[in-house]
Amino acid sequence: MDILFLIVQQTMFFSIPLLIVALGGVFTERGGVTNIALDGIMIMGAFTSILFINKMQDKMSGQLLLIMAILIAIVTGIIFSLLLAYSAINMKADQIIGGTALNMFAPAFAIYAARMIQTNGVQQITFDNTFRIPSVPILGDIPILGDLLFKNCYITTYIGLAILVIAIIVLYKTKFGLRLRACGEHPHAADSVGINVYKMRYAGVLISGGLAGLGGLVFVIPTSTNFNATVSGYGFLALAVMIFGQWKPLKVLFAAFFFGLMKTIASAYSVIPLLSSLNIPSDVYKMIPFMATLIVLAFTSKSSQAPRAVAKPYDKGSR
């Protein structure tokens with residue numbers, strides 16, 4: 001039973017950042033812009049927020065410090081995503097090239113800035129993890145369920161699930177969501193009824209950036225006590241989750257948990273008796289999430305098509 005609890009908790013730790021970032025990708029794709037820069041935005045969000053924790057952990061700790069870091073990660077993601085929004089929407093630059101450039105810039109900037117800021121000149125930013133909640137009051141006392149979901153947990157898990165609910169409501173139950181989807185699927189039709197396509201696409205990219213920045217912090221906090229200018233390719237894995245989930249929040253949730261489970265197997269195989277007894281090299285287990293990505297996308301490529309006209313450039317002067 002202890003092994004089951006460990007697998008579930010680790011799956012949550014790996015799945016929630018995937019869920020958050022993939023939902024960010026849903027917003028920008030639904031608006032008509034492909035955000036390939038999710039990985040770079042995650043790195044920037046993690047860098048600024050973990051650096052804030054590193055500098056402020058002597059003055060404050062616990063959940064207040066984490067909440068402040070969350071806000072910083074979101075703001076960083078929004079600001080960094082403005083570069084993609086301006087190049088793709090205003091300049092009509094190639095979205096793939098622009099996103100790739102940001103992905104290349106982010107780790108280089110994080111390494112350089114960390115070495116310049118820290119007195120010891122190293123790129124690794126360490127922090128004290130004081131954010132784990134031993135047991136959520138009342139909920140942690142529930143038999144079985146309490147041990148699975150409400151012990152040794154982080155508030156980021158519940159924030160991620162709350163974002164899922166909010167995303168569903170915003171995309172499908174609000175005027176904003178309807179307009180955003182219209183701008184992605186039929187931008188000229190949306191423009192003909194007075195919707196500002198540029199503003200809606202900006203909104204989609206900025207929401208995506210904020211969630212990706214948050215996802216970077218949420219990825220680092222439960223799994224490490226340092227940040228080394230990388231999120232282990234989680235931004236690209238989130239793109240796969242988004243595609244596998246067919247740009248629909250609930251399907252994205254199940255896809256995130258699937259890939260989170262694969263990641264858990266890759267990292268915790270040594271404590272699972274059946275897997276540890278197979279004597280398979282550790283490198284094989286580390287490849288499991290990415291092998292699963294290729295297999296799943298290969299078998300779902302036809303059913304996982306983007307909404308029509310999504311990610312196509314829009315020129316207000318042409319109809």
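First things first, this report covers the structure right here in the doc. The model shown is predicted, which means the values in this text are computed figures rather than measured ones.

Rules used in this analysis
- Residues numbered from 1 in each chain as written.
- Predicted model: local features only at pLDDT ≥ 70, side-chain atom pairs only at ≥ 80, totals over all residues.
- Heavy atoms only, no water.
- Axes fitted to C-alpha atoms, helices over the stretch in contact; angles between N-to-C directions.
- Helix = DSSP H or I, 4+ residues; strand = E, 2+ residues; numbered from the N terminus.
- Parallel < 35°, antiparallel > 145°, perpendicular 65-115°, else oblique.
- Nonpolar A, V, L, I, M, F, W, Y, C, P; charged D, E, K, R; others polar.
- Buried < 20%, exposed > 50% of the residue type's maximum accessible area, 1.4 Å probe, protein only.
- Contact = heavy atoms within 4.5 Å.
- Salt bridge = Lys/Arg side-chain N within 4 Å of Asp/Glu carboxyl O.
- Left-handed = near helix turned anticlockwise from the far one by under 90°.

**A word on the packing of helix H1 (residues 2–31) against helix H9 (residues 197–223)**
At their nearest, the axes of H1 and H9 sit 8 Å apart, and the two run at 170° to each other. The angle between H1 and H9 places the two elements in the roughly antiparallel class. Looking at the contact of H1 with H9 residue by residue, the classes come out as 16 nonpolar, 8 polar and 1 charged.

**Examining the environment of Ala182**
Looking at the element boundaries, Ala182 is found in helix H7 (residues 175–185). Here Ala182 falls in the partly exposed class, since its relative accessible area comes to 25%. In this structure the C-alpha to C-alpha distance between Ala182 and Ile195, which are 13 residues apart in sequence, comes to 9.2 Å. Every residue in contact with Ala182, bar those within four places of it in the chain, is listed here: Pro187 and Ala190.

**Here's the deal with the pattern of salt bridges**
Note on pairing: side chains with opposite charge can pair once their charged atoms come close. Scanning all chains against the criterion turns up 2 salt bridges. The salt bridge involving Glu185 is made with Arg30; its shortest N-O contact spans 3.2 Å. Of this pair, Glu185 sits in helix H7 while Arg30 sits in helix H1, and the two are 155 residues apart along the sequence. Assessed through its relative accessible area of 8%, Arg30 is described here as buried.

**Considering the environment of Leu275**
Among the secondary structure elements, Leu275 is positioned in helix H12 (residues 273–276). Judged by its relative accessible area of 19%, Leu275 is buried. Sequence separation of Leu275 and Ile265 is 10 residues, and the distance between their C-alpha atoms is 8.7 Å. Filtering out sequence-adjacent residues up to four positions away, Leu275 remains in contact with Ile265, Tyr269 and Tyr285.

**So, the packing of helix H3 (residues 62–90) against H9**
Running from amino to carboxyl end, H3 crosses H9 at an angle of 140°, the nearest separation of the two axes being 6 Å. The angle between the axes of H3 and H9 places the two elements in the oblique class. Along this stretch, H3 crosses H9, giving a crossing that reads as right-handed. For the contact of H3 with H9, the class distribution of residues is 17 nonpolar, 6 polar and 1 charged.

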